[in-house]
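Observations on the model geometry
Each chain is listed here by its residues.
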Amino acid sequence: MEVQELDRAPGLGLLYPKAVLTGFTRGGKELPGTGYLRRAVQVDRTQLAQYSRVCGFGLTDTLPVTYPHILAFPMAVKLMTAPGFPFPLVGLVHIGNRIHQLRPVRAGEPLDLRVWAQNLGAHDRGRQFEVVSEASVGEEVVWREVSTYLRREKSSGGKESRPETPELAEPAALWRVPADIGRRYAKVSGDSNPIHLYPLSARLFGFPRHIAHGMWSKARCLAAFEGRLPDAYTAEVSFKLPILLPGKVAFRTEHIGAGWAFDLRAAKDGRPHLAGTIS
């Protein structure tokens, strides 16, 4: 794979308009053989504190397990909006996310970030692919993320792969998700996709109201486990129905072996929003 080194984070404020302007007409059969690298990325502690508050994490010198995602995400968007990428960014559905924390990462550690795409294949609703993000300290890989995206197309005969979760107990908590959570998360993450910001901008893309970021909902769930997880673990989720804003959700958990299963459902009617495991 060819690796292109970047000296700064790509600007999401420019990449999202670019994604809209490129339209819906891209087509292709192969993922690019190019990845991106940023070296010695330093954490902005003010942004870290704001992110932690929005997602429900405590303020510590250790990065929340989902925090490196927002450091690598601009590189992922640059990859998916680059010439030659087979699918338009607009219309892609984030259907799954798996994070491996290999050890706790301290806020003062400079991180080398790498991003690439892999595993283009069939899905029962179209085609899917993975975007891999990796964080290293020196030569040591300390964190790895695999995000799975779906391009909806006519059935291609594939099967979707999502983590299985057992029937869970009664809700451990009920959370109100405020109407401005998309804008608050966008401010701390840089992910200003218009489907998350306002009802009007979301309706332009086919949603009845704006929706919460999937990675906010994952982060909020994992924040509820603080103090109960080992130094190294894997947290995997599948994203199901979006959380329309404002909303109210039920958070449920269950021990499974040495790990956990958890999910988020609509408090009113039980519609599933997210299901995941920690192992």
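Right above here is the structure, for reference.
A brief look at the structure comes next. Keep in mind that what you see is a predicted model, and the values were worked out from it rather than measured. (Residues numbered from 1 in each chain as written. Predicted model: local features only at pLDDT ≥ 70, side-chain atom pairs only at ≥ 80, totals over all residues. Heavy atoms only, no water.)

1. Here's the deal with the nonpolar core
Grouped together as the largest cluster of nonpolar side chains are 72 residues, with contacts concentrated most on Tyr-51, Met-80, Phe-129 and Phe-262. Look past the residues within four positions of Phe-129 in its chain and what remains in contact with it is Leu-31, Met-80, Phe-85, Phe-87, Leu-92, Gln-118, Asn-119, Leu-120, Ser-147, Thr-148 and Tyr-149. (Core = buried A, V, L, I, M, F, W, Y, C linked by side-chain atoms within 4.5 Å. Buried < 20%, exposed > 50% of the residue type's maximum accessible area, 1.4 Å probe, protein only. Contact = heavy atoms within 4.5 Å.)

2. Brief notes about the sheet that holds strand β2 (residues 34-41)
Taken in spatial order, the 11 strands line up as β1-β2-β4-β5-β6-β3-β8-β11-β10-β9-β7 in an open sheet, and their pairing is mixed. Looking at the sheet topology across the chains shown, the edges are occupied by β1 (2-6) and β7 (173-177). The mean angle between the axes of side-by-side strands here comes to 20°, regardless of whether they run parallel or antiparallel. Of the pairings in the sheet, the one linking strand β5 (residues 126-137) to strand β6 (residues 140-152) comprises 12 bridges and is antiparallel in character. Across the sheet, Ser-133 pairs through a bridge with Glu-145, a residue of β6. Here helix α3 (residues 67-81) sits on the sheet in contact with β1, β2, β4 (111-123), β5 and β6, set at roughly 55° to β4. (Pairing = 2+ DSSP bridges. Helix = DSSP H or I, 4+ residues; strand = E, 2+ residues; numbered from the N terminus. Axes fitted to C-alpha atoms, helices over the stretch in contact; angles between N-to-C directions.)

3. Observations concerning the environment of Arg-144
Within the secondary structure, Arg-144 sits in strand β6. With relative accessibility at 26%, the residue Arg-144 sits in the partly exposed group. Each C-alpha atom, one on Arg-144 and one on Leu-113, is 9.7 Å from the other, the two residues being 31 residues apart in sequence. If we ignore the near neighbours within four places in the chain, the residues touching Arg-144 are Arg-98, Ile-99, His-100, Val-132, Ser-133 and Glu-134. Among the polar contacts made by the side chain of Arg-144, one reaches the side chain of Glu-134 at a distance of 3.0 Å. (Polar contact = N/O pair within 3.5 Å; in protein donor to acceptor, adjacent residues only side chain to side chain.)

4. Topic: helix α2 (residues 45-55)
Among the residues making up α2, those that are buried are Leu-48, Ala-49, Tyr-51, Ser-52, Val-54 and Cys-55. If you follow the buried residues of α2, they end up packed against α3, α4 (181-189) and α6 (214-223). For α2, the capping residue at the N-terminal end is Asp-44, with a side-chain oxygen 2.9 Å from the backbone nitrogen of Thr-46. A positive backbone phi angle near 95° is found at Gly-56, which sits one or two residues after α2.

5. Thoughts on the pattern of salt bridges
Within the structure shown, the criterion is met by 13 salt bridges. A single salt-bridge network, built from bridges that share partners, covers Arg-103, Arg-106, Glu-109 and Glu-140. (Salt bridge = Lys/Arg side-chain N within 4 Å of Asp/Glu carboxyl O.)

6. Here we look at the packing of aromatic side chains
Summed over the entire model, instances satisfying the criterion amount to 11 aromatic pairs. Relative to Phe-129, the ring of Phe-87 has its centre 5.6 Å away and its plane inclined at 20°; by these criteria the two rings are stacked. With a gap of 42 residues between them, Phe-87 in the loop between α3 and β3 (93-101) and Phe-129 in strand β5 connect regions that are remote in the sequence. The residues Phe-87 and Phe-129 share a single accessibility class, namely buried. The structure contains a cluster of three or more aromatic residues connected by ring pairs, namely Trp-175, Phe-225, Phe-251, Trp-260 and Phe-262. Sitting over the ring of Trp-175, Arg-220 keeps its end group 4.0 Å from the ring centre. (Phe/Tyr/Trp six-rings, centres within 6.5 Å; stacked < 30°, edge-to-face > 60°. Lys NZ or Arg CZ within 6 Å of the ring centre and 35° of its normal.)

7. Structural notes on the pairing of β3
Here β3 runs beside β6; their pairing, made up of eight bridges, is antiparallel. When the bridges of β6 are listed, Ile-99 appears paired with Glu-145. Two elements, β3 and strand β8 (residues 233-239), share six bridges in a ladder whose sense is antiparallel. Following the sheet pairing, Gln-101 is matched in β8 by Tyr-233.

8. A word on the side chain of Gln-128
Here Gln-128 lies in strand β5. Not counting the four nearest positions on each side in its chain, Gln-128 is found in contact with Ile-95, Asn-119, Leu-120, Gly-121, Ala-122, His-123, Thr-148, Tyr-149 and Leu-150.

9. Digging into a nonpolar patch on the surface
The grouping of Val-20, Leu-204 and Phe-205 at the surface amounts to a nonpolar patch, some 290 Å² of accessible area in total. Counting through the fold element by element, Leu-204 comes out in the loop between α5 (199-203) and α6. Judged by its relative accessible area of 67%, Leu-204 falls in the exposed class. (Patch = residues over 30% accessible without salt bridge, like charges linked within 9 Å, V, L, I, M, F, W, Y side chains within 5 Å. Areas by Shrake-Rupley, 256 points an atom, 1.4 Å probe, with all protein chains shown as cover.)

10. Quick word on α3
In an α-helix, one full turn covers 3.6 residues, which means residues spaced three or four apart are oriented alike. Under the 1.5 Å per step criterion, the end-to-end length of α3 is 23 Å for 15 residues, consistent within 8% with the ideal 21 Å. In terms of burial, α3 is largely enclosed, as 14 of its 15 residues are buried. (Expected span 1.5 Å × (residues − 1).)

11. A short note on the packing of α2 against α6
Relative orientation of the contacting elements α2 and α6 amounts to 80°, with a least axis distance of 9 Å. Classified by the angle their axes make, α2 and α6 are roughly perpendicular. Here α2 contributes Tyr-51, Val-54 and Cys-55 to the contact with α6, which in turn contributes Trp-216, Ala-219, Arg-220 and Ala-223. Here the residues of the contact of α2 with α6 sort into six nonpolar, no polar and one charged. (Parallel < 35°, antiparallel > 145°, perpendicular 65-115°, else oblique. Nonpolar A, V, L, I, M, F, W, Y, C, P; charged D, E, K, R; others polar.)

These values are about where atoms sit, not about what they do.
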